[in-house]
Structure formats: C-alpha cells, structure tokens
Amino acid sequence: MSSETFIHPTAFVESGAKLGTGVHVGPFCHVGADVELGDNVHLAGHVSVTGATSVGAGTRAQAFAALGGPPQDAKHKGGRTTLTIGANCDIRESVTMHVGTDSGRGATVVGDNGFFLAYSHVAHDCIVGNNVTLTHGATLGGHCEIGDHVIIGGLTAVHQFVRIGRRAFVGGCSAVVGDVIPYGMAVGNRAKLRGFNVVGLKRSGMARSDLASLRAAYRDLFSSGVPLVESAETVRARYADAPAVLEIVDFITSRGKRHFAVPPLGGGADDDDEQD
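The rules behind these values
- Residues numbered from 1 in each chain as written.
- Predicted model: local features only at pLDDT ≥ 70, side-chain atom pairs only at ≥ 80, totals over all residues.
- Heavy atoms only, no water.
- Pairing = 2+ DSSP bridges.
- Helix = DSSP H or I, 4+ residues; strand = E, 2+ residues; numbered from the N terminus.
- Buried < 20%, exposed > 50% of the residue type's maximum accessible area, 1.4 Å probe, protein only.
- Arc of directions from axis to C-beta.
- Contact = heavy atoms within 4.5 Å.
- Axes fitted to C-alpha atoms, helices over the stretch in contact; angles between N-to-C directions.
- Parallel < 35°, antiparallel > 145°, perpendicular 65-115°, else oblique.
- Left-handed = near helix turned anticlockwise from the far one by under 90°.
- Nonpolar A, V, L, I, M, F, W, Y, C, P; charged D, E, K, R; others polar.
- UniProt positions renumbered as here; feature names shortened; annotations may be inferred.

Draft legend 1. Up close: the sheet that holds strand E18 (residues 127-128). Spatially, 8 strands are ordered E3-E6-E9-E12-E15-E18-E21-E24 in an open sheet, and the strand pairing comes out parallel. Edge strands, defined here as strands with exactly one partner in the open sheet, are strand E3 (18-19) and strand E24 (163-164). Examined bridge by bridge, strand E15 (residues 107-110) and E18 share 2 bridges and lie parallel to one another. Residue pairing across strands places Val 110 opposite Val 128, the latter belonging to E18.

Draft legend 2. Examining helix H4 (residues 243-253) more closely. Every buried residue of H4 is listed here: Ala 244, Val 245, Ile 248, Val 249, Phe 251 and Ile 252. On an axial view of H4, the arc spanned by its buried residues comes to 160°, and they lie on one face. Those residues of H4 that are buried lie in contact with E24, strand E28 (192-196), helix H2 (208-222) and helix H3 (228-238).

Draft legend 3. Highlighting the pairing of strand E27 (residues 184-187). As paired strands, strand E25 (residues 169-170) and E27 are joined by 2 bridges and run parallel to one another. Bridge assignment links Val 170 to a residue of E27, and that residue is Ala 186. Alignment of E27 against E28, held across 3 bridges, turns out to be antiparallel. Residue pairing for E28: Val 187 is matched across the bridge by Lys 192. Counting the residues that bridge the hairpin from E27 to E28 gives 4 residues, and of these Gly 188 lies at a positive phi of roughly 115°.

Draft legend 4. Broad picture of the packing of H3 against H4. Packing of H3 against H4 brings their axes to within 10 Å, and their N-to-C directions diverge by 150°. Regarding the angle of H3 to H4, the classification is roughly antiparallel. The chirality of how H3 crosses H4 is left-handed. Along the contact surface, H3 presents Leu 228, Val 229, Ala 232, Glu 233, Val 235 and Arg 236, while H4 presents Val 245, Leu 246, Val 249, Asp 250, Ile 252 and Thr 253. Taken together, the residues of the contact of H3 with H4 sort by class into 8 nonpolar, 1 polar and 3 charged.

Draft legend 5. Structural context of the UniProt feature "domain: UDP N-acetylglucosamine O-acyltransferase C-terminal" (unreviewed entry) in the chain. UniProt's entry tags residues 179-255 with the feature "domain: UDP N-acetylglucosamine O-acyltransferase C-terminal" (unreviewed entry), counted in the numbering of this structure. The distance from the first to the last C-alpha atom of residues 179-255 is 11 Å, and the span holds 56% helix and 12% strand.

Draft legend 6. Inspection of unusual backbone geometry at higher detail. Here Asn 189 and Arg 190 are connected by a cis peptide whose omega angle stands at -5°. Along the polypeptide, Arg 190 turns up in the loop between E27 and E28. The phi dihedral of Phe 28 falls on the positive side, at around 65°, and the residue is not glycine. Relative to the elements of secondary structure, Phe 28 occurs in the loop between strand E4 (24-25) and strand E5 (30-31). Within the chain, Leu 155 stands out as a residue other than glycine whose phi angle is a positive 65°. Here Leu 155 shows up in the loop between strand E22 (151-152) and strand E23 (157-158).

The following block contains the structure:
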C-alpha cells in the first residue's frame, strides 16, 4: 500500500480537512472542511464525507456512501455535532451515517472492523460497537445502542432508542421495537426472541456447558410467569457463577423500565443446539 496520499483531480477536498498518510480520495468525492481521515482511508468514487466526521485508519468506503450528513431530526438546531467511525471498517455502496443531534448525545459513534453492506443506515446519536455487521438495507433509528459482534439481517429496521446486546443476531426483514438481550436471536415483525445465536456463540468459542447455562436461564427468565425484571433477579442468584447469564441480567436491569423483545406466547427457544 502506498504511503502517499492520492486525491483524484475531480475530487473536492475543502480547506481545513485533515488527511493521514496513504489516504486515497477517488473521483468525484467530497471531503468537508471539518473532516479527519486516518491513515490509509480509501474513498472510492462519489463518496461524500462531511460534517465533523472522523474516519479511522484503514476504513474503506465505496461509491455513493454519505458519511457525516446532518441528522434527520426536526429538533436539531444545527449545532456542531460529530460522527466518529472506527478503524478498518468496510462501508459499502450508498451507506449513510449521520452526525449526532444537539438535543441528544451530540455524537454518533461507530466502532472498529464494522461491515456495513449496501444501503444500510446508522442514524444520529447511535453507538455501534466493534465487529458489527449491518446487512443490505438494515436501518438503525436514532439513539440505538448496538453491542460488539452483532449481526443485523437485510431490510431490518431497528426502532429509535432500542438496544441490541453483544453477539445478538437479528434476522432479515424484521422490525425491532424492543431491546434484544445479549446473545439472543430475534426475528419477525414485531421481532420476537427465538432463543440464542447458537452459531455465533459456537464460532466465538463458547463452551457447550456455558451455552447450556444460557438455555436454562432463558427458560427461567421467560417461562416463570412473573415480570421480567423480577425473574432476572431470581436468575442472578441462581446463576451467580455464569458470567454470560449475569451479562444478560445486567442488560435487563441496568436501565430501569424498558421494552424487550420476548419469546412468542407459548413459545420457547427454537434455536438448534446441533447447529454448526
């Protein structure tokens, strides 16, 4: 990879923009005055990076990606807010990511090693973890919080302010209006829990004994007939030596009253423990 920065003659880089070494700015790109591009950032043709946006080293953005645009929020009064994109992200065609709002966090933050497929969207004030995948057309509403290693399927919409816990999987064409617990698998309109992301957990190296504890705790959480927060405290005591279970309990109890994706009535986990 060349250490020299390349700017195509048809690109427009505004005065004040900060470009690291080895940056590639392709044809017809626009880089705004308040933008910072880390080393070896690669912008293909027709990419727009505007606003107070920082892009981490090694991130690549493909044609017609629009990063750092103003938030789609009528309450925003035009104050300076930011978008921070981590290192080594793969941002595909026509992806959009917006800066935060001056009535919200004031910042949108995207972690490292993200994979954002064509037409996916990260709205204002979202916090997106590391190693997150948004498949084609997946959309995050404002103020969402997405944990590390989450995968969101194509054409799925996540409602504003929703949290999706670490290593969860959301199936394609879903509408997510409630928080999804860490490790959970959710699908549908409106999305319901279908057990755990077994494939992802096995690939991450989770021991079968830990997965068995998660499954038992899942039954205790959602089959007890008592409010979820109450059953969570019972599960906390019962599985005090199971860190993954305690992570789920903390997720449920840490933010006060929340709306959660839960299993369908009369249904339990329908993931397959024999999945590869």
